[in-house]
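# Coordinate inspection notes
Okay, here's what each chain looks like letter by letter:
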Amino acid sequence: MKVTRIAGAWLVLVLFWHAPASADNTYERVLDNGLKVVVKEDHRAPVVVSQIWYRVGSAQEHNGITGVSHALEHMMFKGTKKYSAEKFTSTLAEIGARDNAFTGRDYTAYFQLMSRDHLEISFDIESDRMLNLILTEEDFNSEREVIKEERRWRTDDDPNALVYEQLNAAAFASSPYHHPVIGWMNDLEHLELEDLSRWYQRWYAPNNAVLVVVGDVQAEAVFALAQEYFGDIEPRAVRASKPRREPEQTGPRRVTVKAVAKLPYLLLGYKVPSLATAEQDWEPYALSVLAGVLDGGRSARLSKRLVRERELAASAGSGYNLHARYPTLFLFEAIPAQAHSLDDLEQAFYAEIRELQEALVSEQELARVKAQVIASEVYAQDSIRAQAGVIGRLESVGLGWPAMDEYSTRINAISAEQVRQVARTYLVEERLTVSLLEPLSEPANADKVAHAAAVSGAAH
């Protein structure tokens, strides 16, 4: 998978909607065709990153075409009439740019990291393939095999990845997060070029995109350049996906994955709100602090208690992403230590949860965790690419980039009682899905069964 394109006419007079700058030199404008442009000035080095984010990912897909967003991401590198695949690669190589793309549940994004003097080339390439992508059967048939092999490598042959995939499939019955980003293999095998063409025409429009530029630039110059290259692209009516509200869960769910593996693996997922869906806007921040209490370094509870003190687990952790478009999962994961079972670990997790539900986190522990949570977020944004990524994700899920300036303040405002309250509200059986890996021993003839894995407990 591709993970992840200025000597312009600067004196163009254009009218934009203009939002005030934040304290950290971030500015936004919206072109008449609906393209939102966000610029963050960072003058520490003469480089710039340009990212174009489309508000479409696997969450917009449905049965039969799962994986189409990721497949289209691959095809976006096959070229246009102006920039063939070869010219695309050579043009970026000549200027020393690094480029790639990535597909997620809520977005698909493309980026280039380059010298500040070459931003115009990036805009020229991205505006061209926003409008003029060439899709051919030959390219697609070849790329589909690449994607199928990627799925085998990243998921089918990775037992822990299978556990995670089946956890989501079992936890979410109708939520957009039921499907894996890469798609189900059967859908990939039957995906057609016309599916990609329709997806491109439906979602790849300026009014469904955000252009994020971070680096050693002047915001006004970037806005003028964006108008020059993107301003004439016509907007399209972007039809929103139908709501797929998850039905209420009435009890715990379990799924078992049996696959060739060396070690068993345990994954628990509790349904929780994201920042975009929470009725109480403080709850996602309390869940973030709760995740820090459990898994915020060596002094956090899971590492300290389950790994080092009790030696139940070879590794143990938890995680939560508050920046999702739809309700998501609060995760616990662990690999048991020798002489201990998955059930030992599962019961240990429940004991840790009960303690959080009954006793308040001490003020000393709470202060330490808050400092670590905030520091982790700050360090993660140190590079210009990471800064652009935060802006792009916030914009793609509908929160808006100013939310990044609120993070530290909102985390610091969380109380021990609020941490206990979200543990009591969300870490309960009625929201729980358990996914287990039961290892199978290596078959005698491994070559013939390299891609074989038996999965039980959850259907696509």
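Structure: above.
Residues numbered from 1 in each chain as written. Predicted model: local features only at pLDDT ≥ 70, side-chain atom pairs only at ≥ 80, totals over all residues. Heavy atoms only, no water.

### A word on the side chain of Ser-396
We count it as follows: Put simply, DSSP H or I for four residues or longer makes a helix, DSSP E for two residues or longer makes a strand, and each gets a number counted from the N terminus. Think of a polar contact as two N or O atoms within 3.5 Å of one another; within protein, one of them needs to be a possible hydrogen donor and the other a possible acceptor, and neighboring residues in sequence only count if both atoms come from side chains. Whether two residues are in contact is decided by their heavy atoms, any of which lying within 4.5 Å being enough.
Locating Ser-396 in the fold gives a position in helix H13 (residues 384-396). Among the polar contacts listed, one links the side chain of Ser-396 to the backbone oxygen of Gly-392, at a separation of 2.8 Å. Apart from residues no more than four positions distant in its own chain, Ser-396 is found in contact with Trp-53, Arg-55, Asp-106, Tyr-107 and Arg-325.

### Remarks on the environment of Leu-266
In plain terms, the rule: The cut-offs for exposure are 20% and 50% of the maximum accessible area for each residue type, with area from a 1.4 Å probe on protein chains only; residues under the lower value are buried, those over the upper are exposed, and the others partly exposed.
Looking at the element boundaries, Leu-266 is found in strand E9 (residues 265-272). On the basis of relative accessibility, which here comes to 0%, the residue Leu-266 falls in the buried class. Sequence separation between Leu-266 and Ala-316 is 50 residues; the distance between their C-alpha atoms is 9.3 Å.

### Quick notes on the packing of helix H4 (residues 137-156) against helix H5 (residues 159-171)
Packed helices, taken two at a time, are described by the angle between their axes plus the distance between the axes. As a reminder, the rule being used: A fitted line through C-alpha atoms represents every axis, and for helices the fit uses only the stretch in contact; the resulting angles, taken between N-to-C directions, go from 0 to 180 degrees. For this classification, under 35 degrees means roughly parallel, over 145 means roughly antiparallel, 65 to 115 means roughly perpendicular, and everything else is oblique. In this classification, the charged set is Asp, Glu, Lys and Arg, the nonpolar set is Ala, Val, Leu, Ile, Met, Phe, Trp, Tyr, Cys and Pro, and all remaining amino acids, among them Gly, are polar.
Across the interface, H4 lies against H5 with an axial gap of 7 Å and an inter-helix angle of 90°. Comparing the axis directions of H4 and H5 gives the class roughly perpendicular. Residues Arg-151, Arg-154, Thr-155 and Asp-156 of H4 pack against Ala-161, Leu-162 and Glu-165 of H5. Looking at the contact of H4 with H5 residue by residue, the classes come out as two nonpolar, one polar and four charged.

### Observations regarding the layout of surface pockets
The criterion, for reference: Here the term cavity refers to a set of points on a 1 Å grid, laid over the protein atoms alone, in which a 1.4 Å probe fits but cannot get out; the term pocket refers to an open set having protein on both sides within 12 Å along at least five of seven lines, with lining residues being those that place an atom within 4 Å of a point. Grid points are joined across faces, edges and corners, and a volume is the space filled by probe spheres set on the points.
Space inside the largest pocket adds up to approximately 1,300 Å³. Lining the largest pocket are 48 residues, with Arg-105, Tyr-107, Tyr-164, Asn-321 and Leu-331 sitting closest to its centre. The set of elements that each furnish at least two residues to the lining of the largest pocket consists of H4, H5, helix H9 (283-294), strand E10 (313-319), strand E11 (328-336), helix H12 (363-380) and H13. Looking at which element gives the most residues to the lining of the largest pocket, the answer is H12, with six residues. A class-by-class count of the residues in the lining of the largest pocket yields 22 nonpolar, 18 polar and eight charged. Each pocket or cavity is described by its volume, and for the second largest pocket that value is around 930 Å³.

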